[in-house]
2 protein chains.
Amino acid sequence: MVEFFSEKIVKVEFSAVPESDVILPPLSSKVVKNLILSSKLLPSLSSLVQSGMKNKPLFISNLGKNGFRLFSTGKPVSVKAGEILNFFISFPYYDGFFTELSSGSFETGYGKFFIELEQLEVIELSSIKGVSEGNFYVKFVTPALLSSKVLLPPSLKEKYKNVNPGYSLIPSVGLVVSYAYRVYRALYGNTSNMELDSKSFRLGVLSNSLSRVIGYKLKPLTVVIGNDNKGRLRTSRGFVGWMEFDIPYKKLKKAISKYLIIASYLGIGKSRGIGLGEVVVKIKS
Amino acid sequence: MVEFFSEKIVKVEFSAVPESDVILPPLSSKVVKNLILSSKLLPSLSSLVQSGMKNKPLFISNLGKNGFRLFSTGKPVSVKAGEILNFFISFPYYDGFFTELSSGSFETGYGKFFIELEQLEVIELSSIKGVSEGNFYVKFVTPALLSSKVLLPPSLKEKYKNVNPGYSLIPSVGLVVSYAYRVYRALYGNTSNMELDSKSFRLGVLSNSLSRVIGYKLKPLTVVIGNDNKGRLRTSRGFVGWMEFDIPYKKLKKAISKYLIIASYLGIGKSRGIGLGEVVVKIKS
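In the nomenclature of an unreviewed UniProt entry, chain A corresponds to CRISPR system precrRNA processing endoribonuclease RAMP protein Cas6 from the organism Sulfurisphaera tokodaii.

Participant: Can you explain the overall build of chain A? Please cite residues and give values.
Facilitator: Counting its regular elements, chain A contains five helices and 13 strands. Here chain A has a C-alpha radius of gyration of 19 Å; the compact-globule value for 285 residues is 19 Å, and the two agree. Across its three principal directions, the C-alpha atoms of chain A cover 50 × 40 × 35 Å. Burial status across chain A gives 55% buried among its 285 residues. Of the contacts formed within chain A by residues at least 6 apart in sequence, a portion of 78% connects residues at least 24 apart. Of the roughly 12300 Å² of accessible surface on chain A, 51% is carried by carbon and sulfur atoms.

Participant: I'd like a rundown of the relation of the copies chain A and chain B, residues and numbers included.
Facilitator: With an RMSD of 0.0 Å, chain A superimposes on chain B once it is rotated by 180° and translated 0.0 Å along the axis. In the structure described here, the two chain copies are related by an operation that fits a two-fold rotation axis. Proximity to the rotation axis, assessed at the C-alpha, singles out A:S172 in chain A; its C-alpha lies 2.9 Å from the axis. A symmetric contact is evident, with 97% of the interface residues of chain A recurring at the interface of chain B.

Participant: Outline the sheet that holds strand β10 (residues 135-144) of chain A, supporting the account with residue identities and numerical values.
Facilitator: Residue and element names in this part refer to chain A. Strands sit in the order β11-β12-β10-β13 across an open sheet of four strands; the sheet is antiparallel. Looking at the sheet topology across the chains shown, the edges are occupied by β11 (212-227) and β13 (279-284). This sheet shows a mean twist of 10° between the axes of neighbouring strands, independent of strand direction. As paired elements, β11 and strand β12 (residues 233-246) share 14 bridges and run antiparallel to each other. Looking at the pairing, P220 lines up with F239 of β12. Across the sheet, helix α5 (residues 250-266) touches β10, β12 and β13, and the angle it forms with β10 is around 30°.

Participant: Tell me about the nonpolar core, and name the residues and values.
Facilitator: Core analysis: the biggest nonpolar cluster contains 96 residues, and A:F140, A:I268, B:F140 and B:I268 have the highest contact counts within it. Sequence-distant contacts of B:F140, defined by excluding residues within four places in its chain, comprise B:V176, B:L218, B:F239, B:V240, B:G241, B:W242, B:M243, B:I268, B:E278 and B:V279.

Participant: Account for the interface of chain A and chain B, with residues named and values stated.
Facilitator: With 35 residues of chain A at the contact, the number on the chain B side is 34 residues. Between chain A and chain B the total buried area reaches about 2800 Å² when both faces are included, carbon and sulfur atoms providing 67% of it. At the boundary of chain A and chain B, one finds zero salt bridges. The interface formed by chain A and chain B includes eight residue pairs in polar contact (both at pLDDT 80 or more). If one sorts the elements of the side of chain A that touches chain B by residue count, β11(A) sits on top with seven residues. In terms of residue class, the side of chain A that touches chain B is built from 23 nonpolar, seven polar and five charged.

Participant: Describe the domain arrangement of chain A, listing the residues and the values that go with them.
Facilitator: Residues and elements named next belong to chain A. For chain A, the assigned domains are domain 1 (5-125) and domain 2 (130-284). Relative placement of domain 1 and domain 2: their C-alpha centres are 23 Å apart. Contacts between domain 1 and domain 2 engage 29 residues on the former and 29 residues on the latter. Between domain 1 and domain 2 lies a buried interface of about 2500 Å² when both sides are counted; carbon and sulfur atoms form 61% of it. A per-residue breakdown of the area domain 1 buries against domain 2 is headed by L27, N55 and F59, which together make up 25% of the total. Inspection of the region where domain 1 meets domain 2 yields one salt bridge. Linking domain 1 to domain 2 there are 14 residue pairs in polar contact (both at pLDDT 80 or more). Within the residue set of the side of domain 1 that touches domain 2, elements represented by two or more residues are β1 (5-18), α1 (29-37), β3 (59-60), β7 (85-93) and β9 (112-124). Within the side of domain 1 that touches domain 2, the residues separate by chemical class into 13 nonpolar, nine polar and seven charged.

Participant: Please give an account of the pairing of β1(A) that cites residues and values.
Facilitator: All names here are of chain A. As judged from the nine bridges shared by β1 and β7, these two strands associate in the antiparallel manner. Paired with V12 across the two strands is I89, which belongs to β7. With eleven bridges joining them, β1 and β9 adopt antiparallel strand pairing. Within β9, the position partnered with E13 by the bridge is Q119.

Participant: Would you mind going over helix α3 (residues 173-186) of chain A in detail, with residue names and values included?
Facilitator: When the terminal C-alpha atoms of α3(A) are compared, their 20 Å separation across 14 residues agrees well with the 20 Å that a helix rising 1.5 Å per residue should span. Along α3(A), 14 of the 14 residues are buried, which leaves the element largely enclosed by surrounding structure.

Participant: Account for the sheet that holds strand β10 (residues 135-144) of chain B, naming residues and giving values.
Facilitator: Where strands meet in a sheet, backbone hydrogen bonds hold them as pairs that are either parallel or antiparallel. Residue and element names in this part refer to chain B. If you walk across this open sheet you meet the four strands as β11-β12-β10-β13, and the pairing is antiparallel. Two strands close off the open sheet at either side, each with one partner strand: β11 (212-227) and β13 (279-284). Taking the axes of each pair of neighbouring strands and ignoring which way they run, one obtains an average angle of 10° across the sheet. In the packing of helix α5 (residues 250-266) onto the sheet, contacts are made with β10, β12 (233-246) and β13, and the angle to β10 comes to roughly 30°.

Participant: Explain the confidence of the model for chain A to me, using residue names and the numbers behind them.
Facilitator: Overall, the prediction assigns chain A a mean pLDDT of 94, with 99% of residues at 70 or greater. Of the two predicted TM-score estimates for the complex, the pTM is 0.91 and the ipTM is 0.86.

Participant: Talk me through the packing of α3(A) against α5(A); I want residue IDs and the actual numbers.
Facilitator: Residues and elements named next belong to chain A. It is the contact of α3 with α5, at a shortest axis distance of 8 Å, that shows an interaxial angle of 70°. Between α3 and α5, the interaxial angle falls into the category roughly perpendicular. Contacts between α3 and α5 pair V176, V177, A180, Y181, V183 and Y184 from the former with I256, K258, Y259, L260, I262, A263 and L266 from the latter. Its residues placed into classes, the contact of α3 with α5 shows twelve nonpolar, no polar and one charged.

Parameters at a glance
- Residues numbered from 1 in each chain as written.
- Chains lettered and ligands numbered in written order.
- Predicted model: local features only at pLDDT ≥ 70, side-chain atom pairs only at ≥ 80, totals over all residues.
- Heavy atoms only, no water.
- Helix = DSSP H or I, 4+ residues; strand = E, 2+ residues; numbered from the N terminus.
- Rg over C-alpha atoms; globule rule 2.2 N^0.38 Å.
- Buried < 20%, exposed > 50% of the residue type's maximum accessible area, 1.4 Å probe, protein only.
- Contact = heavy atoms within 4.5 Å.
- Areas by Shrake-Rupley, 256 points an atom, 1.4 Å probe, with all protein chains shown as cover.
- Least-squares fit on C-alpha atoms with pLDDT ≥ 70 in both.
- Pairing = 2+ DSSP bridges.
- Axes fitted to C-alpha atoms, helices over the stretch in contact; angles between N-to-C directions.
- Core = buried A, V, L, I, M, F, W, Y, C linked by side-chain atoms within 4.5 Å.
- Buried area = accessible area lost by both parts, 1.4 Å probe.
- Salt bridge = Lys/Arg side-chain N within 4 Å of Asp/Glu carboxyl O.
- Polar contact = N/O pair within 3.5 Å; in protein donor to acceptor, adjacent residues only side chain to side chain.
- Nonpolar A, V, L, I, M, F, W, Y, C, P; charged D, E, K, R; others polar.
- Domains from an automatic or database assignment.
- Expected span 1.5 Å × (residues − 1).
- pLDDT = per-residue confidence, 0-100.
- Parallel < 35°, antiparallel > 145°, perpendicular 65-115°, else oblique.

Structure (structure tokens):
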């Protein structure tokens, strides 16, 4: 297994052109996943992709077309031969990853696609300085699955372990920031511990009480994940849209800007490994 | 001064018919306020209306027409002679209040209105049992002004006293519940104390982490409050719309349902004394 470096994130963007008309799987990120697991692209990520570990430092986007991501909200989604699609994968740096960036015509299990590397970015965490001016604009491109229980004080976790509020459909600023912090921490390994829960809770509370929402346009959206063993449809309900907010406290703003920038590579919330919770983050002044 | 009883809320609803065409003040609740302060209606409420105390147990609605409240979001609002308007006032019970419910034609400072009592309700707090089934549906009829700082841990209040995040435009469930609790406590007198802050904070945190939002339709809205000393427009930005949520934990749901029902009489958030934060609460099953 390769050794991942916590201090650098790699983002690779590809174009993908289907060679025949294709009915896509409900989540088109499955096409990309197939390329990794069948060793056509970044085979060293296979174990990370298949790992059952929570909060993985990995994002595999859905296929995109004309600026929109392709996923099913009920009806199947199809694409035509020759259409230019794109996708990206973000993951922690490992030596030699660039030797695993093949271009060419590949069978994906959903038809043949011609894959070509378009862009490559290596981000050193230490170079993300954070900003202390401007508003945060966060666009939720694909449904974000944020569990409101992240905002539960860790000391009460045991008491309320059987209460399941599901995913939040109105993202409070604190919930978004908590999850951004969690993805930042995901880079440093095991994230299921008390110290992380406690820090992400405190950050969430502080962000909820010291933030100013400037504007927003949000809507709940149900996405089809696939079928379960018995052939029944599996769905998840999250939200898409955008929100703009400010943290009128410079020290906190600076920390949060760093977490959000990292989330713009690795996504936010649950199921980032299948392209949910893709976010675009901008600092507006 | 009359003695108010904390254990009973009175809600009185009136019809109001202008006797000539009227350009209303930006907040039409000012017409109602005038009726109280000029001793035409419920004169015993005058001292409560004029008191500078925070979190008063008092709600004076804006004038309503065809199910909508009349207030200015920029342009002046006017009504025609003979149109049937309505308004309501909620306040803690005091002996003899019903002798102060006059009907008749009154000068209001904004033209003459014919006022008539339409409905009278006396609610005993002890009779509000709360529910442990169903979802909460909260409709924000007039802009709600909720300061996110209510969700700040009381121990950090001093540290962040100079940070001003303003009013929240996306109401988290916890923020709504915190404010509903505060209006319940308003019935029991002085609400500026550590114990209240601490309890409303804990309730907010718990409600944020154990709630499930079912759906919502919300939008930010700026309302004109009036003019300041120098003639400049004073405005406040809050939100209107509705949200439906569930608290999948019976004990908490029961307590919260009581606070929300009280809020449906006394409103929610800041400036309830001038008709902002009017809410309709329903339990949906």
